Amino acid sequence: MNEYRGERLLRALLVCALAVALAACAGAQKKPAQQPEAERERTERRPSNWFMEQRLSSSGVIPVGARRNALAAMTRAGQTEAAGTWIAEGPQNVGGRVTAMGVDPNVSSRIWIGTADAGVWRSEDSGVNWTPVFDDQSTLSIGAIVTHPTLSNVLFVGTGEDNGGGYSYDGDGIYKSEDGGNTWTHLGLAETRRMQRIAIDPTDPDVLFVAAGGDVFNRDNNRGVYRSTDGGQNWSQVLFVADDTGAIDVQIDPSNPNRIFAATWQRISEGANWTVNGVECGVYRSVDGGDNWTRLAGGLPSDADVGRIGLAVAPSNPQIVYANVIGSNGRIRGIYKSTDSGDNWTKVNNFIIEIASSGFSYYFGKIRVDPLNPDVVYVLDQQMWRSTNGGNNFNTFAGSVHVDHHALQVDGAGRLYSGNDGGFYSSFNNGANWTQSTTLQITQFYDIGIDTLDPNRRFGGAQDNGTNRTTTGGLNDWTNVLGGDGMETEVDPTDSNFVYAESQFGNINRSVDGGDSFTSAQNGIDGSERANWVTPIVLDPTVPSTLYTGYQRVYRSTDRAQNWTAISPDLTICPTDHCGPDFGGGNDGHEGEAHTQNLIRETITAIGVSPVDPDVLWAGTDNGLVWSSGDGGANWTEREPLGLRQWVTDFAADPFEADKVYLTVTGYRVGTKVPYMLESDDLGATWRDIGIGLPQVPTNSVVADPLYKGQLFVGTDVGVYLTDDGGTTWQRLGDNLPNVVIQDLVLHQPSRTLYAGTFGRGLQTFDLNQLPVPDRDSDGVLNVDDCAPEDGGSFASPDEVTGLQLAEGAGQTDLSWDSLATQAGSGVVYDVAVGSLASLQLDGGTANAADLVCGAATNATGDPFVPAAGEGRFYLVRGRNVCADGSWGRDSSGTPRTTAACP
């Protein structure tokens, strides 16, 4: 179990509440193990909108079905796949966020779970072993699962997690499987983006209702409740409240399927304004199968302080309905109960659950009822609560289970399945004991660190799960070594004892014992500066005791992060008029109760250091600024990459040329193909788009291969892509890797292994020895030196022809010259021009030379004209191939000769 400061605080508050001595609790709060004492207040674990904010286009919109369309475009373009297979490397014992769950109606040990960004998984043995069954789909963000009420293999999946956090993608609609998840059919509703609940009529399974949240970041008329009466083939919107209010729950009365309950949630993020409550939050009921809806009152709160609402109809007594109402302060406002199918409601819970709820309870907000006992009620929050007396009193239970609960299945016979931020847990004795699944690889890594000297020592900064480490390269022995949400991790390539890790907002820590313990490492950094949710940490590749980080300014340490010094001005402010409007908007606050309130903007997000010249530095920001320095940070120049104003994600300084760099950016484009990946070879003065062959999705990480010039690996939002010719062509790298977001790439050069830190599928590795040498046409010349990598007969521009000889043949003049095949390839051809010496003497040039032969395949030809005595002719020869035209030679003064012959 991974403990955080927020969890310890909650436990302290609970103890004090029970003793009616809250004021005495201030001194009882404890810091989690190995949390540095100098940790700043802003490290309190709060959900962040960082992931989605990165991906918003400059117009503030992510196009509907963007990933699906990007993948389809690659298929139409004939995308190829580089040979090789990815291997899943864990962690399987750390887990990640489980968002939804469904159980086979006939076999209770057969389970399907949905995850934040790892797709759908199936277990045949109550969660002991798992198989992913959704990997071929365009989205892996899952919001809802419902199984058929009688058929074992039929289930529906709603994509797009809708828990109010910003840690996962929009979905692209609803899917159906009729074979247990082996194959899927897309049933539409992509425009709804996020789904929290699917309800299926137990008497007529062709009738389904979907609670759709809509666009989190824009007003949207696609929110509300949708109904299908033909098994999902067609849908109609049957409840719409407002363009900033979606449906967050929907329940069918099993005793009367015409009676449907729905909860609406007024929730939208518009720039600096984040709404998670309002007067539109409420409970609605239909008594005619969804044709008409009435907002319920009768004791339910209806003021602007109402937020998310979770619903539960008691299967054993459907007249009993429970509502978990979240308040505007982020805490549970109350558990409300109706005993007359929603006509009247009573607040039933005692005060402890209200004061001890998380403070961001809208991230959970669900409630469940035992199917056999209407008085046994479960509330899902940071902790899990249970009542055995109809909601009058609640107590926490499942204390050994990971915090942050999002899914729960109860069978009424003592079997409970829990889905939370730590993965999947099962109990077979009514929650007295729990077992975590250790075969489920769904961890969301922000960053990974691989020990160069011992690549079995691996680190990863994980969403919801801190910084984790394995020392064996195992799948199930990862342990938490630093709390908070885990962010960047780096290992000194020359001394494995020095490890650097951080939690959110730039809380950098260092270890001198290989990660066994950490201490704060922020001395010299101005704590009042803005720092990104994921703050960069970069080691100098030639002198790794020198590190760089970025807040508003770039900081450098020359003593392994013991001390830091600012080496730049504030690089988050555009110094020139041509930068254009800032799409970010600053946030000087460090903390907030809501997701976007604690999203700090106008920060440095990426730093690069040249391995050729460590004085060449790069810095990029979340508001689209790119800077370079050629003198070790003494001076910085703002660069404008093709008018780009998107969040900068990574730099890869070229390992062969000091002034060359590769740049990746995120953010979807609307109506135009703005580059996602760029290259500069002049310290940023000019840029070239090399991302034309990539899928049109954000790019997050780039690695330049130090062994093969021009070979690059790029982590995108739909997998890893490879170019071996400097970006001219791209291939998807290998198989066995789903369309998962790749946040970080690390190339371990000694073993030629590429490591990928994924945002949903943990750590993946690819053995680069599976790839052929980057010589596409197999002519023995690497692509970067081959001007025609698709043409085995040409690989270099021809040099000037030498060794021209003339001889008198039978009725002609025979010409021959040295072959250029060794240097210019077997595909080289030759042009021969001829002219009169008299004209050469008259005009002093060769411009009037005429064709003799063009494109000769051999290095010899004949001139059928035999000059008379005293009449002279001159000959010019050049080589030519698909790379370029060679030279006609130079005259005695060194001036290039010119002619229109053989144009």
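Up top is the structure these notes are about.
Novice: Honestly, the pattern of salt bridges in this entry has me stumped. Any pointers?
Specialist: When their charged atoms lie close together, side chains carrying opposite charge are able to pair. The tally for this structure, following the rule as stated, stands at 39 salt bridges. Measuring nitrogen to oxygen at the nearest pair gives 2.4 Å for the salt bridge that ties Arg 267 to Asp 162. Taken together, the residues span a long stretch of sequence, with Arg 267 in the loop between β15 (260-266) and β16 (268-270) and Asp 162 in the loop between β7 (155-159) and β8 (174-177) at a distance of 105 residues. Asp 162 shares its class with Arg 267; the two are buried. Taken together, the shared-partner salt bridges in this structure form one network comprising Asp 104, Arg 110, Arg 122 and Glu 124.

Novice: Could you clarify how one ought to interpret the sheet that holds β15 in this entry?
Specialist: Through backbone hydrogen bonds, the strands of a sheet pair up, either in parallel or in antiparallel fashion. With antiparallel pairing, four strands are arranged side by side in an open sheet as β14-β15-β18-β19. Because the sheet does not close on itself, it has two edges, and the strands there are β14 (245-252) and β19 (294-295). Here five bridges tie β15 to strand β18 (residues 282-286), and the two strands are oriented antiparallel to one another. Its bridge partner lying in β18, Thr 264 is registered against Gly 282.

Novice: Whenever I open this one, the state of the cysteines confuses me. Can you help?
Specialist: Two cysteines joined by a covalent bond between their sulfur atoms form a disulfide. A full pass over the atoms with the stated rule returns two disulfides. Shown here is the disulfide that connects Cys 787 with Cys 883, its sulfur atoms set 1.3 Å apart. Handedness of the Cys 787-Cys 883 disulfide follows from its S-S torsion of about 75°: it is right-handed. Of this pair, Cys 787 sits in the loop between β58 (763-767) and β59 (805-808) while Cys 883 sits in the segment after β64 (873-880); the two residues are 96 residues apart in sequence, bridging distant segments of the chain. For Cys 787, a relative accessible area of 38% translates into the label partly exposed. Across a sulfur-sulfur distance of 1.8 Å, Cys 854 and Cys 902 are joined as a disulfide pair. Taking the torsion about the S-S bond as the criterion, the Cys 854 to Cys 902 disulfide, at about -85°, is left-handed. On the criterion of sequence distance, the pair formed by Cys 854 in strand β62 (residues 850-856) and Cys 902 in the segment after β64 is long-range, its members being 48 residues apart.

Novice: Looking at this structure, I do not really get unusual backbone geometry. What am I missing?
Specialist: Trans is the prevailing form of peptide bonds, just as negative phi is the prevailing case for residues other than glycine. Residue Pro 91 is bonded to the preceding Gly 90 through a cis peptide linkage, with omega at 0°. Secondary-structure assignment places Pro 91 in the loop between β1 (81-88) and β2 (98-103). Even without being a glycine, Ser 778 presents a positive backbone phi close to 55°. Considering the arrangement of structural elements, one finds Ser 778 in the loop between β58 and β59.

Cut-off values and rules
- Residues numbered from 1 in each chain as written.
- Predicted model: local features only at pLDDT ≥ 70, side-chain atom pairs only at ≥ 80, totals over all residues.
- Heavy atoms only, no water.
- Salt bridge = Lys/Arg side-chain N within 4 Å of Asp/Glu carboxyl O.
- Helix = DSSP H or I, 4+ residues; strand = E, 2+ residues; numbered from the N terminus.
- Buried < 20%, exposed > 50% of the residue type's maximum accessible area, 1.4 Å probe, protein only.
- Pairing = 2+ DSSP bridges.
- Disulfide = S-S within 2.5 Å.

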